[in-house]
Amino acid sequence: MTVLGVDACASGWVGVVLRDGAFLRACAARDLDTLLAEVPDAAVIGIDMPLGLLETATWRRADLLAATRLGRHRSRVFRVAPRPVWDAPDYATANLRCRELTGSGLSRQTWALKVKLREANSRRCNGDQRLYEVHPEVSFAAMNDGEPISWSKRGWNGQMTRRRLLGAHGIALPEHFDGVVGTVPPDDLLDACAAAWSAGRIGDRTAVPLPDPPERTASGLPVAIWY
């Protein structure tokens, strides 16, 4: 079975392909459609991007449960606002609308996801049901017997710890990457690996959704983070 893990990065998107649980290759592209076209045989695609926006004036349970699993590192999870917030024309309007609906504001960091969030959700809404939302930090915690990684993914200790965990689960990474992939920040590549690990678990039906059962969008699509 071939699966794909996808993470957003500054230059667009980066993907890691696993075949039968082992690292096969990595790829990168400016837009999501181009990236997915490079792996047409992917049975499952785990993507580190919110999939599914709720119409109700509340936060998604998936994010609240994921944050709880990370304990004191809960800030690594962004809460995803209801759909009306994302329809706002600018950050100021979105922030105000979020406060009106949920009682809390929207961070600029979360608002910066808007373009890629729409890109991923459009793909799934248009029929690509291979896409499942994952969260790398939740995945790494699951690899680590439920314990979140203490070190930041942007530092040496954190990256080496995450790489060691991937290796322990059969994902051995090469020392060097060529071309565009070689310019992708290490933390984004590691996140894509974790997304691929969760995609493999989804494919073999051992993955767990948060929440279980998932919430549903107005059109009936599941809203959950899988690991």
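As shown above, the structure is provided for reference.
Only a predicted model underlies this, so the values are computations on that prediction, with no experimental measurement involved.

Cut-off values and rules
Residues numbered from 1 in each chain as written. Predicted model: local features only at pLDDT ≥ 70, side-chain atom pairs only at ≥ 80, totals over all residues. Heavy atoms only, no water. Buried < 20%, exposed > 50% of the residue type's maximum accessible area, 1.4 Å probe, protein only. Helix = DSSP H or I, 4+ residues; strand = E, 2+ residues; numbered from the N terminus. Pairing = 2+ DSSP bridges. Arc of directions from axis to C-beta. Contact = heavy atoms within 4.5 Å. Phe/Tyr/Trp six-rings, centres within 6.5 Å; stacked < 30°, edge-to-face > 60°. Lys NZ or Arg CZ within 6 Å of the ring centre and 35° of its normal. Salt bridge = Lys/Arg side-chain N within 4 Å of Asp/Glu carboxyl O.

Visitor: Explanation requested: the pairing of strand S4 (residues 44–48) in the structure shown.
Guide: Consecutive side chains along a regular strand alternate between the two faces of the sheet. With respect to burial, S4 is a largely interior element, 5 of its 5 residues being buried. Here S4 shows two buried faces, one formed by Val-44, Gly-46 and Asp-48 and the other by Ile-45 and Ile-47. Two elements, strand S1 (residues 2–9) and S4, share 5 bridges in a ladder whose sense is parallel. The residue bridging Leu-4 from the neighbouring strand is Ile-45, located in S4. Judged from the 3 bridges that link them, S4 and strand S5 (residues 131–133) form a sheet pairing that is parallel. Bridging across to S5, Ile-47 finds its partner in Glu-133.

Visitor: Sorry if this is basic, but what is going on with helix H2 (residues 61–70) here?
Guide: In an α-helix, one turn spans 3.6 residues; hence positions three or four apart end up facing the same way. Where H2 is concerned, the buried positions are Ala-62, Asp-63, Ala-66, Ala-67 and Leu-70. All buried residues of H2 project into a common sector of 130° when viewed along the axis, lining one side. Along its buried surface, H2 packs onto S5, helix H7 (136–143), strand S6 (209–216) and strand S7 (222–226).

Visitor: Sorry, what's going on with the packing of aromatic side chains here?
Guide: When we look at a pair of aromatic rings, we describe it by the centre distance and by the angle of the planes. Throughout the structure, instances matching the rule amount to 3 aromatic pairs. With a centroid separation of 6.1 Å and an interplanar angle of 75°, the aromatic rings of Phe-23 and Phe-177 are classed as edge-to-face. A residue pair is termed long-range when its members are at least 10 positions apart, and Phe-23 in strand S3 (residues 22–29) and Phe-177 in the loop between helix H8 (156–168) and helix H9 (186–203) qualify at 154 residues. In this structure Phe-177 comes out as partly exposed when scored by relative accessible area, which is 25%. Arranged with centres 6.0 Å apart and planes meeting at 15°, the rings of Trp-86 and Trp-111 form a pair that is stacked. Of the two residues, Trp-86 sits in helix H3 (residues 83–86) while Trp-111 sits in helix H5 (residues 108–111), which places them 25 residues apart along the sequence. Here Trp-86 and Trp-111 have matching classes, each one buried. In this arrangement the basic side chain of Lys-116 is found over the ring face of Trp-13, its NZ or CZ atom lying 5.9 Å from the centre. Across the ring face of Phe-140, the terminal group of Arg-162 is positioned such that the distance to the ring centre comes to 5.7 Å.

Visitor: Just to check I follow, could you spell out the pattern of salt bridges for this structure?
Guide: Should their charged atoms come close, side chains of opposite charge can pair. A complete count under the given rule lists 13 salt bridges for this structure. For the salt bridge of Asp-63 with Arg-60, the shortest nitrogen-to-oxygen distance reads 2.8 Å. Residue class for Asp-63 comes out buried when judged on its relative accessible area of 3%. Exposure remark for Arg-60: the relative accessible area of 1% places this residue in the buried category. Sharing partners across several salt bridges, the network here consists of Asp-33, Arg-123, Asp-128 and Arg-130.

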